[in-house]
Amino acid sequence: MPARKSILITGAGGLVGPLLATRLLRDPNYSQHTIYLTDLAPPIAPSASSSIPADRLQNVIPIQGDITSPSFVSSLISSTLQDGAKLSAVFIFHGIMSAGSEANFELSLKVNVDSVRLLLDEIRTQAPGTRVIYSSSQAVYGQPLPAVVTDDVMPTPQSTYGAHKLMMETYINDLHRKGYIEGFVVRFPTISVRPGKPTAAASSFLSGIIREPLVGKECVVPIEDRSFRSYLSSPSTIAENLVRVLEMDSGKLPEHRRSVNFPGISVSVQELLDALEKYGGKEKLGLVKEKRDEGLEKVLRSWPTDFDTSRAVGELGLVVDEGVDGLVGEYVDSLKRSE
């Protein structure tokens, strides 16, 4: 009988980890994998549904703990290898988000740099050669930038969050080059529309502008410019592209340049407001308050507003949302299913 395989997902108390776990549980290709979910908060394990066989839920093991603790990280990796299992992949999603990192440099350094290095070093020691998929961000870029960013544009971050992400990108490139891990860096667009509560991200309003008014709550937009554009992707598209990277031929990327800019769509504040009116009615627009926050605006304007997706979609086989209606429509449909 072949050895059982395991997949580890960190940051599994957030949005992307549980989404990915659900996507994997639905896929018969991963029916023999044990999925370990970890976070400082209780990890969010998928629940039974018509699309997930009940017996598959037994393959999910949540482990709550402090990813900045060397002893916890060592035991975590050991757990994924118990009974001779092979650790086939690690998805690194945990971290302090953009506005939170800017406000607390030391915490960002501890979580976004030190804990990631600690985890990577434990992987290369206990499970060398494991595929590692690290979630980075468009925040690794800074101005001046072309109207459309290509893969050849050099990252020059203008925020603590972006700088710490780029530091870990470089470390993963080197670990891959030396054969310690099989590394992939995936730079996420801003994910919209996120369910749940506002986050400590500078971009949080890009979900809140839809999510909050639809339930009768106000959303404050920290930039007084409706032409301002952001690069967005829906949650389901992020999850699908993560699985495609999990299955991607490693040779499709150079050994010392392991980053992939995930495809997204460039959307203006006005286009989001138009979608809110379409799906929620004109009265919902009154719940959107535009109040400039100079600190957040500085961070937001340092980020790219559009990317060339020809390589990601054409060469690497990733998928992209069709438009802002798709982003908002997906969220509205999710609300209907939960009623």
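Residues numbered from 1 in each chain as written. Predicted model: local features only at pLDDT ≥ 70, side-chain atom pairs only at ≥ 80, totals over all residues. Heavy atoms only, no water.

Tallied over the full model, the rule gives 16 salt bridges. As a salt-bridge pair, aspartate 325 and lysine 278 come within 2.6 Å of each other at their nearest N and O atoms. Taken together, the residues aspartate 325 in helix α11 (residues 324–338) and lysine 278 in helix α8 (residues 269–280) connect sequence positions 47 residues apart. Classification of aspartate 325 by relative accessible area gives partly exposed; the value is 34%. Linked by salt bridges that have partners in common, Arg23, Asp27, Glu240 and Arg244 make up one network. (Salt bridge = Lys/Arg side-chain N within 4 Å of Asp/Glu carboxyl O. Helix = DSSP H or I, 4+ residues; strand = E, 2+ residues; numbered from the N terminus. Buried < 20%, exposed > 50% of the residue type's maximum accessible area, 1.4 Å probe, protein only.)

A few words now on helix α6 (residues 205–214). Of all 10 residues that make up α6, 10 are buried, and the element is covered over most of its length. Residues of α6 that are buried include every one of Phe205, Leu206, Ser207, Gly208, Ile209, Ile210, Arg211, Glu212, Pro213 and Leu214, and no others.

Moving on to helix α2 (residues 70–80). Along α2, the residues that are buried comprise Phe72, Val73, Leu76, Ile77 and Thr80. Axial view of α2: buried residues confined to an arc of 130°, hence all on one face. Seen from the open side of α2, the exposed residues pointing more than 90 degrees away from its buried face are Pro70 and Ser71. On the buried face of α2, the contacting elements are β1 (5–10), β2 (33–39), β3 (60–64), β4 (86–92) and α4 (105–126). (Arc of directions from axis to C-beta. Contact = heavy atoms within 4.5 Å.)

Right, let's talk about the pairing of strand β11 (residues 265–268) for a bit. Because side chains alternate across β11, one face comprises the buried residues Ile265 and Val267, and the other comprises Ser266 and Ser268, equally buried. Bridging between strand β9 (residues 229–233) and β11 involves 4 bridges; their strand directions are antiparallel. By the bridge assignment for β11, tyrosine 231 is matched with serine 266. (Pairing = 2+ DSSP bridges.)

Two measures define how a pair of helices packs: the angle their axes make with one another and the distance between the axes. Relative orientation of the contacting elements α6 and α11 amounts to 30°, with a least axis distance of 11 Å. Crossing of α6 over α11 shows right-handed handedness. Seen from α6, the contacting residues are Ile210, Arg211 and Leu214; seen from α11, they are Val328, Tyr331, Val332 and Leu335. Looking at side-chain class alone, the contact of α6 with α11 contains 6 nonpolar, no polar and 1 charged residues. (Axes fitted to C-alpha atoms, helices over the stretch in contact; angles between N-to-C directions. Left-handed = near helix turned anticlockwise from the far one by under 90°. Nonpolar A, V, L, I, M, F, W, Y, C, P; charged D, E, K, R; others polar.)

With that settled, consider the environment of valine 113. Secondary-structure assignment places valine 113 in helix α4. We classify valine 113 as buried; its relative accessible area is 7%. Each C-alpha atom, one on valine 113 and one on arginine 131, is 19 Å from the other, the two residues being 18 residues apart in sequence. What valine 113 contacts, discounting residues up to four positions off in sequence, is Ser108, His164, Met167 and Met168.

Another point: the packing of aromatic side chains. Scanning the entire structure with this criterion turns up 5 aromatic pairs. When the centroid spacing of 5.8 Å and the interplanar angle of 40° are considered together, the rings of phenylalanine 91 and phenylalanine 93 count as tilted. Here phenylalanine 91 and phenylalanine 93 have matching classes, each one buried. With a centroid separation of 4.6 Å and 40° between ring planes, the pair formed by tyrosine 231 and phenylalanine 307 is classed as tilted. With tyrosine 231 in strand β9 and phenylalanine 307 in the loop between α9 (294–301) and α10 (310–315), this pair connects stretches of sequence that are 76 residues apart. Comparing tyrosine 231 with phenylalanine 307, the two get one shared label, buried. Taken together, the ring pairs in this structure connect Phe91, Phe93, Phe188 and Phe262 into an aromatic cluster. Of note, arginine 124 hangs over the ring of tyrosine 180, and the distance from its end group to the ring centre comes to 5.1 Å. The side chain of arginine 258 reaches across the aromatic face of phenylalanine 184, ending 4.8 Å from its centre. (Phe/Tyr/Trp six-rings, centres within 6.5 Å; stacked < 30°, edge-to-face > 60°. Lys NZ or Arg CZ within 6 Å of the ring centre and 35° of its normal.)

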